[in-house]
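Next come the chains, spelled out residue by residue.
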Amino acid sequence: MHSFDEIVVSKPEEIEKRLRLLHKIVSQKSHNLDDHLFRALKMTTQLLGMEVGILSSISGDTYTVINHYSKNSGLENGQTFNLGETYCSITIEKNKVVAINEMQLSEHRKHPCYEVFKLESYIGIPIYIDDQLYGTINFSSPDPKKPGFLEADKTLVKLLAEWTASVIRRKSIEESYKESEKLYKLISTNSADLICLHDPDGKFRFVSPSSEYLLGYKPAELLGKNPYEFHHPEDIERVKEQSHNQALENNLITSIQYRFKKKNGEYIWLDTATQPIKNDKGEVINLQTTSRDITARKKLEILFSEAQQMANVGGWEFDIKSGKLTWTDEVYRIHEKPVGEKVFVEEGLSYYPSDARTKIEEAIEYTMETGKKYDVALPFVTAKGNHKWVRAIGQALFLEKKPYKLRGTFQDITKYKEYEQKIKDQNTRLKEVTETRDKLYSIIGHDLKNTFFGLFGLISMMKENTETNEQSFDELIEHFDLLQTSTKQAYQLLENLLEWIKMQQHNVSFIPREANIAELIQESIDVQVVVAQNKNISIETSLSECPPVSCDPEMIKTCMRNLISNAVKFSPFNSSIQVSAFPTESNITVSVKDSGIGMPEKVRQSLFDPANRPKRQGTDSERGTGLGLLLCKEFVDLHGGTIEVNSTEGKGSEFVFTIPFQNKL
C-alpha cells in the first residue's frame, strides 16, 4: 500500500515510455500551436491514466481554462472558476509539482474542489513565463491513482510545463506579428508606389511624383542620377547581381529588397519589381521599376526572427551507462553541426574554451553529486569557429540513489550578452560625458568667469579714473600693464581649457617627431620672459648636451609654458627660477625649480586630481586654477613619461618630468 502522496520509484521502461512521449510532443509538425497544446494534453492525460488534462491561466483569484482534454467532464475552453475552488490553489501555494494519489486520505480531503467534484487523484505544476506566473498544467481523475504517481511522472510534468511555456510565448509573438502584419497591409495598400524609368546603366529617366512622399526627393532631384548613389553599401552588389544584370538579360524581376537612403539621411526598405523594355530588335533599351516602402514589414520580420531565435531552446540527454549523447535539432544548429550527426560527450565539452570547460565540468559533477540543477552562462566556440555565448542548464536523474542520466537545455544567448555589453558601454560613455560636462561647467562657472570679472572691474576702474582725471599718466601705464598681464592670464587659462576639453574627448592628436628638447625649452622660456620681468624674476638655465628625442613638440612646449608660468606666479619679486634638462640612460629629465612660497603636503598630494584642483593665489595676487598641471600630467603620460613635484612650504617647489627617448613615430 502507498500513502496518498507517496511517489513510486520509476522503472527504466516507465522512464523510457515518458521520454518517448515527450519527444513525440516536442516533435509535432503542425503549425497550429493550439493543436500542439491539445495533443500534448491528450497524450499526457492518457499516459498518466487520468480523465482530465487542463492548461489554465490565473489572474488574481480567477482560474481560466485555456485548453483541455477530457472524456466526459463537460469542460469548455474559456470557462472560469474561483482559484480557491480548484486543486491548483494547492499547486500555486506550494510552487512546485503537487501529486496526490488519493485525495480522501490526504490532508486536503476537505478542499472545496473535492467536496464538489470528488476528484481523487491529481498532479499539477505552475507555469511561469519570463518569471511571471501564467497558470498551471494539471491532470486529474475521479479514481485514485494506483499504485501511485511515479517519480518519472513528476519529471514528465516539469518538462511538459517548460515546453508549454515556450509554446505560449511563441504563440504570443506570432499573434502580435499577425496583428502588425494586418496593420502594415492596410497602410501599404493605401500608399502610392514609386514608378520609375531607367536607362540601361540605371540612371533615372522618369520618376513618379510619389518620390517626394516616399523618399523626400522631388522627381527633378533624382533625374539623371544613378540609384546606386542612394543604395546601402551592403546591398549594392546583391542588387546588381540579382536584379539589374538579370533585367538587362531580358528577365522579369518580380522582387528585390534593399535599403535606400532618403533625403533626410534615413534608410528605408524598398521592394522593387523590374520590367525590361525592349525595342523592335529585342534589345533592352530601358528598365521600368515599381517600388514599395516595406520598412515596417521588414522591421517586423527582423524583430520576429530575433524573437523566435531567443525563444528556441534546444534539449539534450546523456545516458551515463551507454555513453549515448542525444541532441535536438536546435542544439545541432547552435553548435553549427549537421543535424543528426553522431556526437560524443568529449566532443561536446571541446566547444568550451579553457576556463569555460572547467566550469561546465564542475557543474556536471555538482549535479551528479547533489541532484540539483545547474544553470550557467559560458563562452562557446562552434564547429565553424564562431564565438558565441550559451546558457547551459542540466540536471542528473537518479535511480536507487545513483545518477543514470543527465538531461537539460541549451540556448544561444549571444545577443543577450551583446545587448548587455552595449548597455554597459553606453553607461560608461554616458558617465564619462557627464563627468566631463560637470568639470567643464565648474571651470567655466568659476575660473574663467572670475578671470573676466577681474578684467571687467579693472577696465571699469580705468574708465572712471580717466573720466574724472584722478590718475596720472604713470598710473595709467601701470594699469595698462596690469590689464595686459590679466589678459595674458585669461588667454592662457582659455588655451589650457581648450586643450583639456580635447583631452577629455580623446580628440588630441599625439604626433611625435624627432626634436631638440633644449630648443623647445628655450622657446617656452622666451614666451615667459616678459611676465617674469614684471616681477624682476630671472630665469636661469642649465641645458646639457641632450641628444634628439622623439616627442610631440607642442605638448612639450605646453608643459614647459605651464610649469614656468606657475614658477613665476608663486615666486617672490627679485628672485630666480632654475630650468635644467639632462639625459639619462633611457630618457631626458626636465626640472623647473623656484624659491617661492612652496606648498603644504595636502596641496602637493592633490595637484593632479581633476576633482580637487588646488586654487592658490600667487605672490602678486595672481589667480591659479590648477588646470595647467592637469594638462602637464596628461601630456607627459601620453609620452610614457613621469611627472613629480618636490616642495616644502615656504622654501619653494621643483617640478620634474621625464620623456623617454623613443616614442612611436
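Reading guide: rules and limits
- Residues numbered from 1 in each chain as written.
- Predicted model: local features only at pLDDT ≥ 70, side-chain atom pairs only at ≥ 80, totals over all residues.
- Heavy atoms only, no water.
- Pairing = 2+ DSSP bridges.
- Helix = DSSP H or I, 4+ residues; strand = E, 2+ residues; numbered from the N terminus.
- Axes fitted to C-alpha atoms, helices over the stretch in contact; angles between N-to-C directions.
- Contact = heavy atoms within 4.5 Å.
- Polar contact = N/O pair within 3.5 Å; in protein donor to acceptor, adjacent residues only side chain to side chain.
- pLDDT = per-residue confidence, 0-100.
- Buried < 20%, exposed > 50% of the residue type's maximum accessible area, 1.4 Å probe, protein only.
- Expected span 1.5 Å × (residues − 1).
- Parallel < 35°, antiparallel > 145°, perpendicular 65-115°, else oblique.
- Nonpolar A, V, L, I, M, F, W, Y, C, P; charged D, E, K, R; others polar.
- Salt bridge = Lys/Arg side-chain N within 4 Å of Asp/Glu carboxyl O.
- Core = buried A, V, L, I, M, F, W, Y, C linked by side-chain atoms within 4.5 Å.

(A) Focus on the sheet that holds strand β22 (residues 643–647). Here five strands make up an open sheet; going across it, the order is β18-β20-β21-β23-β22 and the pairing mixed. Of all the strands in the sheet, just β18 (538–543) and β22 have a single pairing partner and so form its edges. Recorded for the sheet is a direction-independent mean angle of 15° between the axes of neighbouring strands. As paired elements, strand β21 (residues 587–594) and strand β23 (residues 653–660) share seven bridges and run antiparallel to each other. The residue bridging Ser591 from the neighbouring strand is Val656, located in β23. Against the sheet, helix α16 (residues 553–569) contacts β18, β20 (576–583), β21 and β23, and its axis sits at roughly 20° relative to β21.

(B) Examining the pairing of strand β8 (residues 204–207) more closely. Examined bridge by bridge, strand β7 (residues 194–198) and β8 share three bridges and lie antiparallel to one another. Of the residues in β8, the one forming a bridge with Cys196 is Val207. Connecting the antiparallel pair β7 and β8 is a turn made up of five residues, with Gly202 showing a positive phi of about 105°.

(C) Structural view of the sheet that holds strand β14 (residues 374–381). The five strands lie next to each other as β13-β12-β16-β15-β14, forming an open sheet whose pairing is antiparallel. Edge positions in the sheet fall to β13 (325–327) and β14, since each has one partner strand and no second. Across the sheet, the mean angle from the axis of one strand to that of its neighbour is 25°, orientation sign disregarded. In terms of strand pairing, strand β15 (residues 387–399) meets strand β16 (residues 402–412) through ten bridges, oriented antiparallel. The residue bridging Gln395 from the neighbouring strand is Arg407, located in β16. Those strands touched by helix α12 (residues 354–370) are β14, β15 and β16, and its axis lies near 155° from that of β14.

(D) Representation of the side chain of Thr91. Looking at the secondary structure, you find Thr91 in helix α3 (residues 88–94). Within the local environment of Thr91, its side chain forms a polar contact with the side chain of Tyr122, the two groups lying 2.7 Å apart. If we ignore the near neighbours within four places in the chain, the residues touching Thr91 are Lys96, Val98, Tyr122, Gly124, Ile125 and Pro126.

(E) Broad picture of the environment of Asp153. Tracing the backbone through its elements, the reader meets Asp153 in helix α5 (residues 151–189). Sequence separation between Asp153 and Thr44 is 109 residues; the distance between their C-alpha atoms is 9.6 Å. Every residue in contact with Asp153, bar those within four places of it in the chain, is listed here: Arg18, Leu48 and Ile123.

(F) Spotlight on the confidence of the model for the chain. For the chain, the mean per-residue pLDDT works out to 83, and 82% of the residues sit at or above 70. Scored below 50 in pLDDT, residues 183–191 makes eight contacts in the model with residues more than four places away or belonging to other chains.

(G) Structural detail: the side chain of Glu102. The topology assignment puts Glu102 in the loop between β4 (98–100) and α4 (112–117). Judged by its relative accessible area of 12%, Glu102 falls in the buried class. At a separation of 2.9 Å, a polar atom in the side chain of Glu102 contacts the side chain of Gln104. For Glu102, the side chain forms a polar contact with the side chain of Lys146, separated by 3.3 Å.

(H) Examining helix α2 (residues 33–48) more closely. Given a rise of 1.5 Å per residue, 16 residues ought to cover 22 Å, and the 23 Å separating the end C-alpha atoms of α2 matches this to within 8%. Its side-chain oxygen 2.9 Å from the backbone nitrogen of Asp34, Asn32 forms the N-cap of α2. Downstream of α2 by one or two residues, Gly49 has phi in the positive range, about 75°.

(I) Fine view of unusual backbone geometry. That bond from Lys146 to Pro147 is cis: its omega, 0°, falls within 30 degrees of zero. Tracing the sequence through the fold places Pro147 in the loop between β6 (132–141) and α5. Of note, Asn250 is a non-glycine position whose phi angle comes to about 70°, a positive value. For Asn250, the position within the fold is in the loop between α8 (236–248) and β9 (253–261). Residue Asn250 is classed as partly exposed on the basis of its relative accessible area, which comes to 34%. In this structure, Glu336 takes a positive phi of about 60° despite not being glycine.

(J) Representation of the packing of helix α1 (residues 12–26) against α2. In contact at an axis separation of 10 Å, α1 and α2 are set at 170° when each is read in the N-to-C sense. Between α1 and α2, the interaxial angle falls into the category roughly antiparallel. Contacts from Lys17, Arg18, Leu21, Lys24 and Ile25 of α1 reach α2 at Ala40, Met43, Thr44 and Leu47. Each residue belonging to the contact of α1 with α2 can be placed in one class, and the counts come to five nonpolar, one polar and three charged.

(K) Molecular detail of the pattern of salt bridges. Applying the stated rule across the entire model yields 27 salt bridges. With a closest N to O distance of 3.1 Å, Glu330 and Arg333 form a salt bridge. With a gap of three residues between them, Glu330 and Arg333 both fall in helix α10 (residues 329–335), about one helical turn apart. Overall, Glu330 belongs to the buried group, its relative accessible area being 17%. The salt bridge involving Glu346 is made with Arg357; its shortest N-O contact spans 2.6 Å. Pair noted here: Glu346 is in helix α11 (residues 345–350) and Arg357 is in helix α12, with a separation of eleven residues, a long-range link. Shared partners join several salt bridges into a network, and the residues in it are Glu14, Lys17, Arg18 and Asp153.

(L) Spotlight on the nonpolar core. Within the largest apolar cluster, 38 residues are counted, with the highest numbers of intra-cluster contacts made by Ile517, Ile521, Met560, Val579, Val590, Val592 and Phe657. Contributing elements (two or more residues each) for this core: α15 (517–533), β19 (549–551), α16, β20, β21, α18 (627–638), β22 and β23. With eight residues, α16 is the single largest residue contributor to this core. Within the second largest apolar cluster, 29 residues are counted, among which are Leu21, Val97, Ala99 and Leu156.

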